[in-house]
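# Coordinates in review
These are the residues of each chain, in order.
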Amino acid sequence: MKQALTKKKRVGYAFGIFTESLVYNMFYTYYLTFLNEIVGIQPKFSAIIIFISIAWDAVTDPLIGNYTDRPGVDKRKVMRVSILPLAITFIVAWTSIGAGLSSQTAKILLYTFISMLIWIFYTLYSIPYYAVVAELTEDYDERTKIRSLSSLLNAFAVGLGNILPALVPTVAVLLGKKFESNSYAVIAAIISILAIALGYICCASLKGVYEPKKAIPGEKYEKVTIISTVRAFSDILKLKPTKWFLIFVFFYLAFSSMIQSNLTYMVIDCIGMDYDTGIAIVIITLVISMAAIVPLVEKVAEKKDRRFACIVFLSIALVGEVLIKLFGLDLAIGDFKIMCILSPACLGFAAGTFWTLFYSMGYDLVELNEFKTGERKESTITALPQLVQKFGSAFGILMAGQFLSAYGYDSSKDVAGNESLFAKVTDPKIIDGMENISTIIPAAFLLVSIIGVIIYPMTKDKFNALMLQLEKKRNGEEYTNEGFEKLL
C-alpha cells in the first residue's frame, strides 16, 4: 500500500538534489576554465567540447524520458543504478590525462568523449528524480512546496559545487608540483562521494511513497525507439503552453550558464580581486541570495501563482544586471570591491526563482496532456525541458567561449598544467568583453526568457479549473473543454 508523503520523506527526497546539482555546478562553472587553463585547449574549442557533449543529450534525454514513462519501469531503480557510474566518469573528466598531448584535436576528442559519458549518467539520474514528483502528488501548492524545499537545499548544493573547486590552488600546493595538475580531480572525487551518499538517501526515501506504473498483463506496449520517442515529444509540443515554457527555459539557462562559466575571469579580471578571496565571496553570496529568495518566491507563488512570481522576480534580476553593467564590475566603495557582492546576489536572486518554479511549472503539463490524450507522461514532459535546459546551458557556454576568443583572449599560449596560474589580463578590450559576458549579453537572454513566461498561459486558476474537468473525465462523467482554448 502506498505510504503518505511525510515531512521526513520530503526531506529525504530533497537531498537528492545534491547528486545532480554538485556535478552540474562544478561542470558549468569550472569546466571551461579547466579545459582552457589545465588541458591547454583554446577557449573557442573548449566551448565546442562542452556544447557537443551536452548536445549529445538531445539523443539521450528523450529516449531516457520515454523509457522511464513505460509501465513496469521503476524510476527509483533507474536513479539508483546510475549514481556510481556518474561519480566515476565525473572524476575521470577532471584528470589532466590529456594535458600532455601536443595535438589540439586529440585533446578535443578525448574530453568530448568523457564529457558525453557524464551527461548520459546524469540524465539517467536527473530525469526520474524530477519526474517522480508529478507522481507523488497532483496538488498545485504541494508540488510547489516539494520543489521549494529541494530548491532551498539546491542553494547549498550550488555553494558546495562552486566553493570546493575554488580550493584547487590550495589542493595543488598540498599535492606538490608533480601531481598539482590533478587538483581538480581530487575535488571531483570529494563531490562524487557526497553525490553517491545523498543520492542513495534520496532513493531510500522514495520507498513506499512512490509506486511504479504497473504493466497490464497481456497488453503490448510500444518499444522505445527514436520514432516512438519523437512521437511522444510531438504530442507534448502540440500543447500550446509548451513552446512558451521552453523559450523561458532555454534563454534563462543561456543567461545563467554564460555568467557562471565566466566567474573566474569576472573575479580576477573584471572585479579585480585575488582568485582565492574573490571566488569565495562570490560563491558564498550566490548561495545566501539563492537560499534567501526561495521562501519569498514560494510565498508569492502560493498566494498568486508560479507564473506571476517568475515574472516579478526575474524582472528584478534583469534590472540588476543592466545596472551592474552601467556602474561597472570594478566599482569599489573605498577599498572594497562591491560587485563581488552585488553581481552574484543578482544571479542568485534569479537562480533561486528559476529552480523553485521551473519544474513545478512543467508538472502542470502532465495533467494538461492527460486531459487531452488520456496518457500521463511524467518523464517525457520532464525530459523535454531538460533537453532544452541543457541546450540553453551549452549555448550560453558556447557563446561565452566564442566571445572570449572574439575579444582576443587565448589561454592556449600560456603554460598549461598549473591551476594556480591565473594570469591577470591587462588588455582593456578583453576586460571589457569579459564584463559584457557577465552582464549585458546574458541580460538580453534573460529578457527573452521573461517574455516567454509572460506569454505562457498556464496560471493557478486555469490549472485548478483543468483539474476539476480532468477528475470528471477520469470518472467517466460529462466534462467540458470550455475555457481551455489557450491551453489545448
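Scroll up to find the structure.
The structure reproduced in this document is the subject of the present report. All figures in this text were calculated on a predicted structure; none of them were measured in a lab.

Scoring rules and cut-offs
- Residues numbered from 1 in each chain as written.
- Predicted model: local features only at pLDDT ≥ 70, side-chain atom pairs only at ≥ 80, totals over all residues.
- Heavy atoms only, no water.
- Helix = DSSP H or I, 4+ residues; strand = E, 2+ residues; numbered from the N terminus.
- Rg over C-alpha atoms; globule rule 2.2 N^0.38 Å.
- Buried < 20%, exposed > 50% of the residue type's maximum accessible area, 1.4 Å probe, protein only.
- Contact = heavy atoms within 4.5 Å.
- Areas by Shrake-Rupley, 256 points an atom, 1.4 Å probe, with all protein chains shown as cover.
- Lys, Arg positive; Asp, Glu negative; His and termini not counted.
- Charge placed at Lys NZ, Arg CZ, Asp CG, Glu CD.
- Salt bridge = Lys/Arg side-chain N within 4 Å of Asp/Glu carboxyl O.
- Disulfide = S-S within 2.5 Å.
- Expected span 1.5 Å × (residues − 1).
- Patch = residues over 30% accessible without salt bridge, like charges linked within 9 Å, V, L, I, M, F, W, Y side chains within 5 Å.
- Axes fitted to C-alpha atoms, helices over the stretch in contact; angles between N-to-C directions.
- Left-handed = near helix turned anticlockwise from the far one by under 90°.
- Nonpolar A, V, L, I, M, F, W, Y, C, P; charged D, E, K, R; others polar.
- Phe/Tyr/Trp six-rings, centres within 6.5 Å; stacked < 30°, edge-to-face > 60°.
- Lys NZ or Arg CZ within 6 Å of the ring centre and 35° of its normal.

Within the chain, the secondary structure is distributed over 20 helices and two strands. Expected size for 488 residues packed as a compact globule is a radius of gyration near 23 Å; at 22 Å, the chain falls within 12% of this value. The C-alpha extent of the chain, read off along each of the three principal axes, is 70 × 45 × 40 Å. Looking at the chain residue by residue over its 488 residues, the buried ones come to 57%. Of all intrachain contacts in the chain linking residues separated by at least 6 positions in sequence, the fraction that spans at least 24 positions is 85%. Total accessible area on the chain is roughly 18800 Å²; 66% of this is exposed by carbon and sulfur atoms. Taking the average place of the 46 positive charges on the side chains of the chain and the average place of its 42 negative ones, the gap between the two points comes to 5 Å.

The next thing to look at is the pattern of salt bridges. Scanning all chains against the criterion turns up 13 salt bridges. Here Lys325 ties to Asp432 by a salt bridge, and the two come within 3.4 Å at their closest N and O atoms. Taken together, the positions of Lys325 in helix α15 (residues 306-327) and Asp432 in helix α18 (residues 428-438) put the pair 107 residues apart, joining distant regions of the chain. Overlapping salt bridges bring together Glu138, Arg143, Glu367, Glu370, Arg376, Glu378, Glu471 and Arg474 as one network.

A separate point is the state of the cysteines. By the definition in use, this model includes zero disulfides. Here Cys203 is not cross-linked by a disulfide; its sulfur's nearest cysteine counterpart is in Cys202, at 5.4 Å. Owing to a relative accessible area of 1%, Cys203 belongs among the buried residues under this scheme. The thiol sulfur of Cys340 is not disulfide-bonded, and the nearest other cysteine sulfur, from Cys270, lies at 13 Å.

Moving on: helix α20 (residues 460-474). The terminal C-alpha atoms of α20, which comprises 15 residues, lie 21 Å apart, in line with the 21 Å expected from a rise of 1.5 Å per residue. The complete set of buried residues in α20 reads Lys460, Phe463, Leu466, Met467, Gln469 and Leu470. Where α20 is buried, its residues contact α8 (140-166), α14 (275-303) and α16 (339-373). Positioned one or two residues after α20, Gly476 has a phi angle of 75°, which is positive.

Let us look at helix α1 (residues 7-14). Of all the positions in α1, only Lys9, Gly12, Tyr13 and Ala14 are classed as buried. Residues of α1 that are buried make contact with α2 (17-39), α6 (104-131), α7 (133-136), α8 and α10 (183-205).

Quick look at a nonpolar patch on the surface now. A cluster of nonpolar side chains, Val319, Val322, Leu323, Leu326, Phe327, Leu331 and Ile440, forms an exposed patch at the surface whose accessible area comes to about 610 Å². Tracing the backbone shows Leu326 in helix α15. When its relative accessible area of 65% is taken as the criterion, Leu326 is described as exposed.

Moving on: the packing of α8 against α16. Closest axis-to-axis distance for the α8/α16 pair is 8 Å, and the angle between their directions is 145°. The two elements α8 and α16 meet at a crossing, and its hand is right-handed. Judged by residue contacts, Tyr140, Arg143, Thr144, Arg147, Ser148, Ser151 and Asn154 of α8 engage Gly352, Trp355, Thr356, Tyr359, Ser360, Tyr363, Asp364 and Glu367 from α16. A breakdown of the residues in the contact of α8 with α16 according to their chemical character gives four nonpolar, seven polar and four charged.

A few words on the packing of aromatic side chains. Under the criterion given, the structure shown has 41 aromatic pairs. Arranged with centres 4.8 Å apart and planes meeting at 75°, the rings of Tyr31 and Trp94 form a pair that is edge-to-face. On the criterion of sequence distance, the pair formed by Tyr31 in helix α2 and Trp94 in the loop between α5 (75-93) and α6 is long-range, its members being 63 residues apart. Just above the ring of Tyr140 sits the side chain of Arg306; from NZ or CZ to the centre is 3.7 Å.

Next up on the list: the side chain of Ser151. Along the chain, Ser151 falls in helix α8. Residue classification places Ser151 among the buried positions, given a relative accessible area of 0%. Residues contacting Ser151, with those up to four places away along its chain left out, are Val294, Gly352, Trp355 and Thr356.

At a closest axis distance of 8 Å, the pairing of helix α3 (residues 43-55) and α6 adopts a crossing angle of 35°. Between α3 and α6 the crossing geometry is right-handed. Residues Phe45, Ile49, Ile52, Ser53 and Ile54 of α3 form the contact with α6, whose own contacting residues are Gln104, Ile108, Tyr111, Thr112, Ser115, Met116 and Trp119. Residues of the contact of α3 with α6, tallied by class, amount to eight nonpolar, four polar and no charged.

Further remarks concern the environment of Ala291. Turning to its location among the elements, Ala291 is positioned in helix α14. Linking Ala291 and Ile97, residues 194 residues apart in sequence, is a C-alpha distance of 37 Å. Ignoring anything within four residues of it in the chain, the contact list for Ala291 reads Leu152 and Ala155.

Turning our attention to the environment of Tyr67. Positionally, Tyr67 belongs in helix α4 (residues 57-68). Residue classification places Tyr67 among the partly exposed positions, given a relative accessible area of 39%. When the C-alpha positions of Tyr67 and Phe121 are compared, they lie 14 Å apart, and in sequence the two are 54 residues distant.

Positionally, Ala292 belongs in helix α14. For the pair Ala292 and Ile430, spaced 138 residues apart in the sequence, the C-alpha separation amounts to 34 Å.

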